[in-house]
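Read off the chains here:
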Amino acid sequence: EIKQIFEQKGVTMSRQYAMLRYALDILVDYPYDGTSSLPDIASKHEGVEHRLYGEFTEALVDTVRRCDPKWEWIPTLEDAWRERINEGIMYYLKRR
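Residues numbered from 1 in each chain as written. Predicted model: local features only at pLDDT ≥ 70, side-chain atom pairs only at ≥ 80, totals over all residues. Heavy atoms only, no water.

J.: Quick question: what am I supposed to make of the overall build of the protein here?
T.: What the protein contains, in helices and strands, is five helices and zero strands. Going from N to C terminus, the protein has its helices and strands arranged as α-α-α-α-α. Here the C-alpha radius of gyration of the protein, 14 Å, is about what a compact globule of 96 residues would show, namely 12 Å. Its C-alpha atoms give the protein principal-axis dimensions of roughly 40 × 30 × 25 Å. Each of the 96 residues in the protein was classed as buried or not, and the buried ones make up 29%. For the protein, long-range pairs separated by at least 24 residues make up 65% of all intrachain contacts whose partners lie at least 6 apart in sequence. (Helix = DSSP H or I, 4+ residues; strand = E, 2+ residues; numbered from the N terminus. Rg over C-alpha atoms; globule rule 2.2 N^0.38 Å. Buried < 20%, exposed > 50% of the residue type's maximum accessible area, 1.4 Å probe, protein only. Contact = heavy atoms within 4.5 Å.)

J.: Explain the pattern of salt bridges to me, please; I cannot follow it from the model alone.
T.: Oppositely charged side chains can form a pair if their charged atoms are brought close together. Under the criterion given, the structure shown has eight salt bridges. In this structure, Glu 78 and Arg 82 form a salt bridge, with 2.8 Å as the shortest nitrogen-oxygen distance. Of this pair, Glu 78 and Arg 82 both sit in helix α5 (residues 77-94), separated by four residues, roughly a single helical turn. The partner of Arg 84 in a salt bridge is Glu 87, with the nearest N and O atoms 3.6 Å apart. With Arg 84 and Glu 87 both in helix α5 and three residues apart, this pair spans about one turn of that helix. Here Arg 84 falls in the buried class, since its relative accessible area comes to 19%. For Glu 87, a relative accessible area of 26% corresponds to the partly exposed category. (Salt bridge = Lys/Arg side-chain N within 4 Å of Asp/Glu carboxyl O.)

J.: Would you take a moment to explain the packing of helix α2 (residues 13-29) against α5 for this structure?
T.: Helices that pack against each other are described as a pair by the angle of their axes relative to one another and the distance between those axes. Where α2 meets α5, the axes come as close as 8 Å, and the angle between the chain directions of the two elements is 100°. As the angle between them shows, α2 and α5 are arranged roughly perpendicular. In this structure, α2 contributes Leu 24, Leu 27, Val 28 and Asp 29 to the contact, and α5 contributes Trp 81, Arg 84, Ile 85, Gly 88, Ile 89 and Tyr 92. Of the residues assigned to the contact of α2 with α5, the class counts are seven nonpolar, one polar and two charged. (Axes fitted to C-alpha atoms, helices over the stretch in contact; angles between N-to-C directions. Parallel < 35°, antiparallel > 145°, perpendicular 65-115°, else oblique. Nonpolar A, V, L, I, M, F, W, Y, C, P; charged D, E, K, R; others polar.)

Written as structure tokens, this is what we have:
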């Protein structure tokens, strides 16, 4: 479903990958980065259904869990990822 949203906007998967990397860097630094581009990114997500943010968070956490070799021995890592991503998502949703 998310893929269709980007296809409708004419965004290629390679472009989406680059945008995702950029957005994740900003989300991880937010709110500690005073020069954050989060307002710009938030404005590009207008019209995205609220439930899709939850699906995004779950997919991201699952991906990190599968790909990060340190995941097993850092029990609070999942909570840390969720907290940081959710802070940025809450910012997005407040901007609506």
